[in-house]
Every structure is written in C-alpha cells, then in structure tokens.
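Summary of the model geometry
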Amino acid sequence: MATSKKDDEAPAAGGALQNEPTPAAAEHGDHDRIVMASRRADGSMDQFRPEFIGDKDVAVAAAQQQLAVQATSAVDTAARGVSSAPAGGGESTPDPDVQALKDAQEEAAKKARAQAEAEVEQHHQGLGD
C-alpha cells in the first residue's frame, strides 16, 4: 500500500523539498546533458542550460553537420522553386541564380560550422573524468 507524507511532517535533512527555490539551487539545478543538440527553426539550441558530454571532437562534428544542413535548408527555403540539378544530367554552364544559391548555401554552412564549434566549446564539460 502506498503512503503519502503528511503536510505537517518536515522533510528529512538534506531533502529535496523546498517552498522557495534559492539562488544556489537555481545555479546548480537542472540542465540538459547532451551529445547532440536539438534545434529550433532559427538554429538556436532547444535545451535548458545545455552541457555537452562525451568526446568533444564528436560533439563538434555532429553540431557542425547539423547546423550546416539546417543552414543550407534555410537558404533553399528562402529561394524555393530554384533547382540546382542540370536538366539532362550532363555538363552545362551553371545558371547564375543557381550558382548564387549554391554560394549562399556554402556561406551559410561555413557560418553554421563556426557557430557549432563555438557552442560546443562554451558548453562542453568533458568526458566526466
């Protein structure tokens, strides 16, 4: 049979119950431990006080790939309807609009990779050693 604590009982010493969170509890409270971030549509991380864990190089590579794909997709969305594939599959002179789109994608991916590296650098906590 399950029992419940009576309202007049005090929590045990060092218990987790508190009526008002203290600044110290907020400073050392919950946070998200992640290997790869979830992203909002704008590319920002969607975690609460994230802490990257695990191998730093893996976290950087994952974040770089994730943000680069998201950034290039955003460029495509902005220029919806433009295709970069040649019609016949053969060699052709690139359409100036397509080349501009490709250049914008590459620039967006470059910025996204730099952002990813900075985020991991800022939030990485090591391997738990």
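What this report covers is the structure whose coordinates are included nearby. Remember, it's a predicted structure, so these values are computed and weren't measured experimentally.

1. Concerning helix H3 (residues 96–123)
Owing to its 3.6 residues per turn, the α-helix aligns residues three or four sequence positions apart on the same side. The terminal C-alpha atoms of H3, which comprises 28 residues, lie 40 Å apart, in line with the 40 Å expected from a rise of 1.5 Å per residue. Burial in H3 covers these residues: Val98, Leu101, Gln105, Ala108, Ala109, Ala112, Ala116, Glu119, Val120 and His123. The backbone nitrogen of aspartate 97 has a side-chain oxygen 2.7 Å away, supplied by the residue at the start of H3, namely aspartate 95.

2. Brief notes about unusual backbone geometry
Residues apart from glycine generally show negative phi values, whereas peptide bonds are mostly found in trans. Of note in this structure, arginine 49 is not a glycine but carries a positive phi near 45°. Residue position: arginine 49 is located in the loop between strand E1 (33–34) and strand E2 (51–52).

3. Quick word on the pattern of salt bridges
Should their charged atoms come close, side chains of opposite charge can pair. This structure, assessed with the given rule, holds 4 salt bridges. Among the ionic pairs, glutamate 119 bridges to arginine 39, the shortest N-O distance being 2.8 Å. Of this pair, glutamate 119 sits in helix H3 while arginine 39 sits in the loop between E1 and E2, placing them 80 residues apart in sequence. Per residue, the accessibility class of glutamate 119 equals that of arginine 39, and both read buried. Between glutamate 121 and lysine 56 there is a salt bridge, and its shortest N-O distance comes to 2.5 Å. Pair noted here: glutamate 121 is in helix H3 and lysine 56 is in helix H2 (residues 56–78), with a separation of 65 residues, a long-range link. Accessibility expressed as a relative area gives 29% for lysine 56, which makes it partly exposed.

4. Re the side chain of glutamine 47
Secondary-structure assignment places glutamine 47 in the loop between E1 and E2. Residue class for glutamine 47 comes out buried when judged on its relative accessible area of 16%. Within the structure, glutamine 47 has its side chain in polar contact with the side chain of serine 38 (distance 3.4 Å). Not counting chain neighbours up to four residues away, the residues in contact with glutamine 47 comprise Asp32, Ile34, Ala37 and Ser38.

The rules behind the values
- Residues numbered from 1 in each chain as written.
- Predicted model: local features only at pLDDT ≥ 70, side-chain atom pairs only at ≥ 80, totals over all residues.
- Heavy atoms only, no water.
- Helix = DSSP H or I, 4+ residues; strand = E, 2+ residues; numbered from the N terminus.
- Expected span 1.5 Å × (residues − 1).
- Buried < 20%, exposed > 50% of the residue type's maximum accessible area, 1.4 Å probe, protein only.
- Polar contact = N/O pair within 3.5 Å; in protein donor to acceptor, adjacent residues only side chain to side chain.
- Salt bridge = Lys/Arg side-chain N within 4 Å of Asp/Glu carboxyl O.
- Contact = heavy atoms within 4.5 Å.

Purely geometric numbers; function is a separate question.
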